[in-house]
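Per-entry structural report
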Amino acid sequence: MAIKLNETYLNGFVSGEEIKKSLHLADASCELVKNGTGAGSAFLGWVDLPVAYDKEEYARIKAAAKKIQNSCDVFVVIGIGGSYLGARAAIEFCTSPLYNNLKKDTPDIYFAGNTISSSALQDVLRLCEGRDVCVNVISKSGTTTEPAVTFRIFRELLEKKYGEEGARERIFVTTDRARGKLKEFSTQKGYETFVVPDDIGGRYSVLTAVGLLPIAVAGIDIDAMMKGAADVREDCLSTPCASNDAVRYAVLRNVLFNKGKFIEILVAYEAAAQMFAEWWKQLYGESEGKDSKALYPSSVIFSTDLHSLGQYIQEGMRTMFETVLDFKTSADTVVVPNDPNNIDGLNFLAGKELHDVNRTAMTATLLAHNDGGVPNIVLEVEKRDAYHFGSLVYFFEFACAVSGYMLGVNPFDQPGVEAYKKNMYALLGKPGYEDHKAFLETKMNANN
């Protein structure tokens, strides 16, 4: 498997007997995923996606990406949650968090519609001034407040700048195949559209058109990405649970949770993995956080966060464990120079490659946190590239589905997300929410 599970830093925290007991439950949970017989099985389209994707649409994604690359300086991706996190994670993971500042032959890519902040939106609008712009709006319904408002604003901007016909060539829509307000509007306007599949939820959708169009616009090899996912899929579906690293990861999370470890911290020693961690947090938080159950997903970037959160992790409440992404090689080579005066006292590092120093810091931290009572799961990844991004995505998706079933929850719904939306719609005066608005006003008055 492209992702290798290293259990060395679990010694003394998890026993072989505990793993063996949980493997029976994992076996049953794994079968629910493979056979489509568990709760939420209508949303298992991601399982076979890496080998059964729509080839015609895939070709259109590549063609649209080329068109966008040739026609704009700025590509604005409008979406929230699973409609943008995966694409942004991939772009930063495979290139750099400084992608927009690098010399390149592809457009700058900005993400909007993931907040209601007027300042955040205005910043993106300013970045578009005097530049050619294309837009990709991603929304299954087209009525989610954050992206819908943002799309309205950018649509007006493009139509004023290029005219209605010119804007049509610069707006790309990823939405439901056949229904919904955005689909209806796109058909009416003649926008090129791509599909948010009915059988794949937003947080599992990065390898669909939802993520692949922005990723391809960034010049990333989406063929390699799909190959990475396909290879891990083959391992997950064909390898027995006891030796399947994705399933064992789910088992270890389950064992640690049952031992009172209620927080999982995803750790990476590369800043380029920060947005990947944000995608991972949505995947696990939204999939498992139900019925007052589940681990709380958090994340850090070391060694940076060792200087802010390291003290707490080392000596705070013993309710957490870490899952560490160990990138074994780096595409970039930086060697520490020798200083004849050794002003900083660091000549003991002279001649060493910085990536090796970084991995030594990882080993030192693993040992220290183990000594402090923090179990660590290590996931070894050869390098950061498109192939290994696809591998990691599928690895975590499969493990998440198995882990959710082990917890006894539906890993594919998110009923709690609707609570704030209902309140917001009512308080903003959306038609149809009058009774709920009256209820909320009574409640707020009572609180005052």
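To start, this report covers the structure provided alongside it. (Residues numbered from 1 in each chain as written. Predicted model: local features only at pLDDT ≥ 70, side-chain atom pairs only at ≥ 80, totals over all residues. Heavy atoms only, no water.)

1. A closer look at the overall build of the protein
For the record, the criterion: Counting from the N terminus, the helices are DSSP H or I runs at least four residues long and the strands are E runs at least two residues long. The globule rule used for comparison is 2.2 Å times the number of residues to the exponent 0.38, while the radius of gyration itself is calculated over C-alpha atoms. Accessible area is worked out with a 1.4 Å probe on protein chains only. A residue is then buried under 20% of its type maximum, exposed over 50%, and partly exposed in between. Note on definitions: a residue-residue contact is assigned when non-hydrogen atoms from the two residues lie within 4.5 Å. Only the protein chains shown count as cover for residues, and the accessible areas themselves come from Shrake-Rupley with a 1.4 Å probe. Charge counting follows a simple rule: Lys and Arg are positive, Asp and Glu are negative, and His as well as the terminal groups are ignored. Taken as the charge centre is NZ of Lys, CZ of Arg, CG of Asp or CD of Glu, depending on the residue.
The helix and strand inventory of the protein stands at 16 helices and 10 strands. Computed over C-alpha atoms, the radius of gyration of the protein comes to 23 Å, within 12% of the 22 Å expected from 2.2 N^0.38 for 448 residues, which places it in the range of a compact globule. For the protein, the spread of C-alpha atoms along the principal axes amounts to about 65 × 60 × 55 Å. Out of the 448 residues in the protein, the part that is buried amounts to 51%. Restricting the contact set of the protein to residue pairs at least 6 apart, pairs at least 24 apart contribute 79%. Within the structure as shown, the protein displays about 20,100 Å² of accessible surface, and the carbon and sulfur contribution to it stands at 52%. Averaging the coordinates of the 47 positive side-chain charges in the protein and doing the same for the 58 negative ones gives two points 3 Å apart.

2. Digging into the nonpolar core
Our working definition: What we call a nonpolar core is a set of buried Ala, Val, Leu, Ile, Met, Phe, Trp, Tyr and Cys residues that are connected through their side-chain atoms within 4.5 Å.
Residues Trp 46, Phe 276, Trp 279, Phe 389, Phe 396 and Phe 398 are the most contacted members of the largest nonpolar core, which totals 104 residues. The element best represented in this core is helix α14 (residues 386–407), accounting for 15 residues. Beyond its immediate sequence surroundings of up to four residues, Phe 396 is in contact with Tyr 249, Leu 266, Phe 276, Trp 279, Trp 280, Leu 283, Tyr 284, Leu 325 and Leu 379. Among the nonpolar cores identified, the runner-up in size contains 20 residues, and Val 74, Tyr 110, Ala 112 and Leu 158 belong to it.

3. Concerning the pattern of salt bridges
Where we set the bar: What counts as a salt bridge is simple: a side-chain nitrogen of Lys or Arg found within 4 Å of a carboxyl oxygen of Asp or Glu.
Tallied over the full model, the rule gives 27 salt bridges. Notably, a salt bridge pairs Arg 179 with Asp 198, separated by 3.7 Å at the nearest N-O pair. With Arg 179 in the loop between β5 (171–175) and α7 (181–189) and Asp 198 in the loop between β6 (192–195) and α8 (209–217), this residue pair connects regions lying 19 residues apart in the sequence. With relative accessibility at 51%, the residue Arg 179 sits in the exposed group. Asp 231 is paired through a salt bridge with Lys 227; the nearest N and O atoms lie 2.8 Å apart. Of this pair, Asp 231 and Lys 227 both sit in helix α9 (residues 222–238), 4 residues apart, roughly one helical turn.

4. Digging into unusual backbone geometry
The omega torsion across Phe 302 and Ser 303 is 5 degrees, close enough to zero to call that bond cis. The residue Ser 303 is located in the loop between β8 (296–301) and α12 (310–315) in this model. Here Ser 292, not a glycine, exhibits a phi torsion of approximately 55 degrees, which is positive. With respect to the secondary-structure elements, Ser 292 resides in the loop between α11 (274–288) and β8. Ser 292 sits in the exposed class, given a relative accessible area of 83%. In this model, Ala 294 sits at a positive phi of 95 degrees, which is unusual for a non-glycine residue. Following the sequence through the fold, Ala 294 ends up in the loop between α11 and β8. You can call Ala 294 buried: its relative accessible area is 16%.

5. Some details on the packing of helix α4 (residues 85–94) against α8
Here is the rule: Axis lines are fitted to C-alpha atoms, over the contacting stretch for helices. Their N-to-C directions set the angle, which ranges from 0 to 180 degrees. Left-handed is the label given to a crossing in which the near helix is rotated counterclockwise from the far helix by less than a right angle, and right-handed is the label when the rotation is clockwise. Gly is put with the polar residues, along with every residue not named as nonpolar or charged; the nonpolar set is Ala, Val, Leu, Ile, Met, Phe, Trp, Tyr, Cys and Pro, and the charged set is Asp, Glu, Lys and Arg.
One can describe the packing of α4 onto α8 by two numbers: an axis separation of 8 Å at closest approach and a directional angle of 30 degrees. Taken as a pair, α4 and α8 cross one another with a handedness that is right-handed. Together, Ala 87, Ala 90 and Ile 91 of α4 and Gly 211, Pro 214 and Ile 215 of α8 make up the contact between the two elements. Counted by class, the contact of α4 with α8 contains 5 nonpolar, 1 polar and no charged residues.

6. Things to note about the packing of α4 against α11
Using the following cut-off: Note on terminology: angles under 35 degrees are roughly parallel, angles over 145 are roughly antiparallel, angles of 65 to 115 are roughly perpendicular, and the others are oblique.
Running from N to C, α4 and α11 point in directions that differ by 150 degrees, and their axes come no closer than 7 Å. In terms of their interaxial angle, α4 and α11 are classed as roughly antiparallel. The two elements α4 and α11 meet at a crossing, and its hand is left-handed. Between α4 and α11, the contacting residues are Leu 85, Gly 86, Arg 88, Ala 89, Glu 92 and Phe 93 on the first element and Met 275, Phe 276, Glu 278, Trp 279 and Gln 282 on the second. Split into classes, the residues belonging to the contact of α4 with α11 amount to 6 nonpolar, 2 polar and 3 charged.

As far as function goes, none of this settles anything; it's purely spatial.
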